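As a plain string of letters, each chain reads:
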Amino acid sequence: AQSVTQLDSHVSVSEGTPVLLRCNYSSSYSPSLFWYVQHPNKGLQLLLKYTSAATLVKGINGFEAEFKKSETSFHLTKPSAHMSDAAEYFCVVTHSNYQLIWGAGTKLIIKP
Amino acid sequence: EPEVTQTPSHQVTQMGQEVILRCVPISNHLYFYWYRQILGQKVEFLVSFYNNEISEKSEIFDDQFSVERPDGSNFTLKIRSTKLEDSAMYFCASGGPFTDTQYFGPGTRLTVL
C-alpha cells in the first residue's frame with residue numbers, strides 16, 4: 001500500500017536561506033509523486049510532479065524536488081526562501097486508481 | 001488558465017440538514033474527485049468519478065454521501081444528514097485524460113452546528 005511521511009511538521013528558515021522539506025514514500029510500484037502548496041485560506045496548488053522522465057523536477061516559484069529511489073525520498077528544496085513562500089506544503093503519492101495519498105503537511109515559516 | 005471553481009466558499013448548516021457542495025471542473029477533464037480536510041488533519045480522499053459513475057470511494061464515503069454530475073459542467077457532493085464531524089474543508093479536483101495530475105478548487109468550508 002502507498003503511504004507518505006513528511007518528516008517535519010514545521011520548518012522555520014530565514015528569508016534568503018535555503019529551504020528543505022523532507023518526504024519519504026512507500027509504494028509497491030513506481031508511483032507519481034507531487035508536491036502541493038496551500039497558502040493560508042487558499043486552495044491546493046500544484047507545485048511540481050515527478051513521473052519517471054527525470055529524477056530532478058523543477059516546479060513553480062523556484063522550487064525543485066529530487067526523486068531518490070534508493071532512499072524512497074522526494075525532498076523539496078529552494079535555494080533562497082522568500083516571505084511569500086510561507087505556507088503549508090504537502091507531499092502526495094498516487095494510489096493505483098488515481099486516488100491521491102497525502103502526507104500530513106509541513107508548515108514553512110519564513111523569518112524576516 | 002482554466003481552473004476548478006467551487007461554491008459556496010463557506011457553508012454553515014445545522015446538524016441533520018442536507019447540504020450540496022458544488023464544483024465546476026476544468027472543461028476537458030474526465031475524472032472528478034472529492035477530498036476533505038478536517039482542521040489540523042491530513043487531506044483525505046472521499047470519492048472519484050468517471051464516465052458518470054463512482055470509480056472508487058473511501059470508507060468515509062458512506063450512505064450519507066452521494067455525488068452527481070447533473071449536467072455537462074457541474075459536479076456535486078451531497079451530504080444527506082450532516083453530523084458535527086462532517087465539519088471540514090471539502091476540495092473538489094479534476095484531472096485527465098492521459099494524466100494522473102489532479103487540479104484542485106479553492107475548497108468549501110463546511111461548518112455543522
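Data block above holds the structure.
What you see is a predicted model; the values in this text were computed from it and never measured.

Enquirer: What is the right way to look at the overall build of chain A in this model?
Expert: Looking only at helices and strands, one finds zero helices and 12 strands in chain A. Walking chain A from its N terminus toward its C terminus, one meets helices and strands in the order β-β-β-β-β-β-β-β-β-β-β-β. Taken over C-alpha atoms, the radius of gyration comes to 13 Å for chain A, in line with the 13 Å a tight globule of 112 residues would show. The buried share among the 112 residues of chain A stands at 45%. Counting contacts in chain A only where the partners sit at least 6 residues apart, residues at least 24 apart contribute 56% of the total. Only carbon and sulfur atoms are counted for the fraction: they give 52% of the accessible area of chain A, which is about 5300 Å².

Enquirer: Quick question: what am I supposed to make of the pairing of strand S9 (residues 88-95) of chain B here?
Expert: Residue and element names in this part refer to chain B. The element S9 is extensively covered by neighbouring structure, given that eight of its eight residues are classed as buried. A two-sided burial pattern is seen for S9, the buried positions comprising Ala88, Tyr90, Cys92 and Ser94 on one face and Met89, Phe91, Ala93 and Gly95 on the other. Where strand S4 (residues 31-37) meets S9, seven bridges bridge the pair, whose relative direction is antiparallel. When the sheet's bridge partners are listed, Tyr35 is paired in S9 with Phe91. Direction of pairing for S9 relative to strand S11 (residues 108-112): antiparallel, over a ladder of three bridges. The partner of Tyr90 across the bridge, within S11, is Thr108.

Cut-offs applied
Residues numbered from 1 in each chain as written. Chains lettered and ligands numbered in written order. Predicted model: local features only at pLDDT ≥ 70, side-chain atom pairs only at ≥ 80, totals over all residues. Heavy atoms only, no water. Helix = DSSP H or I, 4+ residues; strand = E, 2+ residues; numbered from the N terminus. Rg over C-alpha atoms; globule rule 2.2 N^0.38 Å. Buried < 20%, exposed > 50% of the residue type's maximum accessible area, 1.4 Å probe, protein only. Contact = heavy atoms within 4.5 Å. Areas by Shrake-Rupley, 256 points an atom, 1.4 Å probe, with all protein chains shown as cover. Pairing = 2+ DSSP bridges.

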